[in-house]
Each structure stands twice: as structure tokens, then as C-alpha cells.
Amino acid sequence: ETLNAKYNRSGVDNSWFVFGGSYSGALSAWFRLKFPHLTCGSLASSGVVLAVYNFTDFDKQIGESAGPECKEALQEVTRLVDGQLQSGHNSVKELFGAKLLENDGDFLYLLADAAAIAFQYGNPDVLCSPLVEAKKNGTDLVEAFAHYVNDYYVGTFRASVASYDQNYLKNTTPAESSYRLWWYQVCSEVAYFQVAPKNDSVRSAKIDTRYHLDLCKNVFGEGVYPDVSMTNLYYGGTRIAGSKIVFANGSQDPWRHASKQKSSEELPSYLIECSNCGHCTDISGCPQAPSNIGGDSSKCSSPEAVNKVRKQIVDHIDLWLSECQDQGRDTVTKQGSRWSIATY
């Protein structure tokens, strides 16, 4: 009714197309799955439709995206920090402004997240350039990484060190509970336990399944457990039984391994390949953080790759909206046979 009033139309049953990115990308796909009679299609940008218990592919993708030199530097940072904590030298936490994180696992998770964000959101050089340079020059790698964490992850990205504290996560006041809400879906439904692989991990081996299970129990109490098999049985995982859902992922995004990457006629999937193509690149452009609603692709290492996938997505949207109209869902008279959607 609002749209009809805005465009001075009457008696029109408007066509609806669902959009979402990341978790809302999964929700977009699931909305289309549950309400095909109300929608013409869905875009699941970096849509994480597959619940994963031990998500080792997350760390493996970080290592792959980092490349040999940066990966080696990150692994050395991990070894050095692990060694200092093992020796009881908690002063290393002060270097990262994280003295309040009494649990070593919480501190190590902060460091792992800080590294991952650079690749997930299309800023690999911000992390890798100073680390590789420090390693070549023989300067302190831990200090170089701490500078990145304090300056970029906490400063520019606005990450909260306190949010990694399990005692903080027990806070249920509305203003402080957003991080708690994320962990609740992790602990109760989807897991995505970002554990260290057995071999060649970037993150500390102390970030394991036990760390995650202990966090869930400590923060939420007994009985909260992510039964991912039931989650995937209910929604379908990557075998989602929907239609007219288009998936898109960035090649450097570790979350793409929880999305649908195998394409089919009814569920097309596209991988945008470039060195800084991360989370929701098709919508956000490059870099993906700080947030870029305009979706500028000119700063992607391969704008052509981004624009090509965007064109393919638009073609699907155009076709599926037209098919909706042909089936009588939208009765408005239109000029021409296709909807046109602008891309930038």
C-alpha cells in the first residue's frame, strides 16, 4: 500500500525480492525458502546457510589469503605470544590494551579475530605490509602486530576489547548485550567454532573446541549446545530446497566456506575473485570495512571481476521479477518486457 501510494498506483500486487548479507544473507535465503508464494527471489550475499561445528576452514582461509610471507609472520606472532603466556608473562596483554582479559583463551581469540578481519573485510595490506616489513628488518613482530590491533582493529574498525571477556558477555542489559546475542546463536544453533586446525594453523592451538564449549557453559549455563545437525536438517544447509536464490561470495572471505558455493540452475552461486574481495563484496565493494553502502568496486584489485558478478546477479533479479509479473503476481502495466536495475 505504501509503494502504491508513493507511485500513485492502485490495485497492484507488488513483486517482492529479498536481499541480505552475511547472517541476514542466510535469512534472505531462508525467507525465500519458507515464503516462495510471497517472494520472487532472493540475494544471499555471503549467506552463511551451513552451520559448522568445528569451523577449521575459517583459519585455513586466513592462511591462504595472507600468502606465504604474511602467514609465516602471523604464525610467528602466535608462537611468540603463546610462549610469553606459557611463561607467565601476562605483560604481553598490556601491549594490546587487553589487560582486563584474564582468560588467556579470550585474549588469544581477540588476536585471532583481529587478524581475520583484515582479510574478511578487504584490507589485507593494512595487516600484512607492516608485519612482513618487520620480519624482514628483524624488528619486534609482536609489537608490530600490537600496533595493527590497537590502531586498526580497535581504532578504525571500532572493535571492543571488553567484548572478548566472558564476564562481560554475561551482561544482559540491552546496551551491552549485542555481543552476547551473537554468542548465543553460536552456542545454541550454528556453532561456527573457529578452532585451530591440527596442522599449520594461524591462530593459537589453545583456541579449540573445549575453549568454545567452556565459554558457552560459562556465559549461558548448562544445557546450551549447538546441535548443528538439527539446524542443517531444518534449513537444508547447502542443500537448501529453495529456488531463485542467488549466492555471491568473495574469494578471500573465510565465511564463504559456510555458504553455498556450488552453483545450480535454480540456485546460482558466484565467487568474486580478487585479492581484497571479502565479505559481501557484491554489495559493499572494496574494502568492506569501514562500511561502504555505495558499493564502490573501483578499489577492488579487480573491479572487472566484481562488476561481472554484479551484472550476473542483476540478470537473475531482472528475470525472476519478470517471471513474477508473467505469473500475475504484479498486475501493473509495464513498458518493455524486463525490469531494469542500476549498477554502479
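All of the points below concern the structure found in this document.

Cut-offs used in this document
- Residues numbered from 1 in each chain as written.
- Predicted model: local features only at pLDDT ≥ 70, side-chain atom pairs only at ≥ 80, totals over all residues.
- Heavy atoms only, no water.
- Core = buried A, V, L, I, M, F, W, Y, C linked by side-chain atoms within 4.5 Å.
- Buried < 20%, exposed > 50% of the residue type's maximum accessible area, 1.4 Å probe, protein only.
- Helix = DSSP H or I, 4+ residues; strand = E, 2+ residues; numbered from the N terminus.
- Domains from an automatic or database assignment.
- Pairing = 2+ DSSP bridges.
- Axes fitted to C-alpha atoms, helices over the stretch in contact; angles between N-to-C directions.
- Contact = heavy atoms within 4.5 Å.
- Parallel < 35°, antiparallel > 145°, perpendicular 65-115°, else oblique.
- Nonpolar A, V, L, I, M, F, W, Y, C, P; charged D, E, K, R; others polar.

1. Topic: the nonpolar core
Within the largest apolar cluster, 77 residues are counted, with the highest numbers of intra-cluster contacts made by Leu74, Phe96, Phe107 and Phe145. Top element by residues in this core is helix 5 (residues 104-120). It accounts for 12 residues. Here this core spans two domains, and each of domain 1 (12-50 + 237-328) and domain 2 (54-228) adds at least three residues to it. Residues Cys274, Cys277, Cys300 and Ile313 belong to the second largest nonpolar core, which totals 19 residues.

2. Description of the sheet that holds strand 2 (residues 41-45)
Within a beta sheet, neighbouring strands are joined by backbone hydrogen bonds and run either parallel or antiparallel to one another. Strand order in the open sheet formed by four strands is 1-2-5-6, with parallel pairing between adjacent strands. Looking at the sheet topology across the chains shown, the edges are occupied by strand 1 (17-21) and strand 6 (269-272). Within this sheet the neighbouring strands show an average axis-to-axis angle of 15°, counted without direction. Here four bridges tie strand 2 to strand 5 (residues 245-250), and the two strands are oriented parallel to one another. Opposite Ser45, over in strand 5, you have Ala248 as the bridge partner. Along the sheet, helix 2 (residues 23-34) contacts strand 1, strand 2 and strand 5; its crossing angle with strand 1, the most-contacted strand, is approximately 155°. Across the sheet, helix 13 (residues 303-326) lies against strand 1, strand 2, strand 5 and strand 6, angled at about 160° from strand 6, the strand it touches most.

3. As for the packing of helix 3 (residues 56-86) against helix 6 (residues 124-137)
With their axes 9 Å apart at the nearest point, helix 3 and helix 6 run at an angle of 70° to one another. When the axis of helix 3 is compared with that of helix 6, the two are roughly perpendicular. The residues of helix 6 that touch helix 3, namely those facing Ala66, Glu69, Cys70, Glu72, Ala73, Leu74, Glu76 and Val77, are Leu127, Cys128, Leu131, Val132, Lys135 and Lys136. Residues that form the contact of helix 3 with helix 6 fall into these classes: nine nonpolar, no polar and five charged.

4. Here's the deal with the packing of helix 5 against helix 6
At a minimum axis distance of 7 Å, the contact between helix 5 and helix 6 shows a crossing angle of 120°. Relative to helix 6, the element helix 5 lies oblique. Only Pro124, Leu127 and Cys128 of helix 6 make contact with helix 5, whose side of the interface consists of Ala115, Ala118 and Phe119.

The analysis is restricted to geometry; functional conclusions fall outside its scope.
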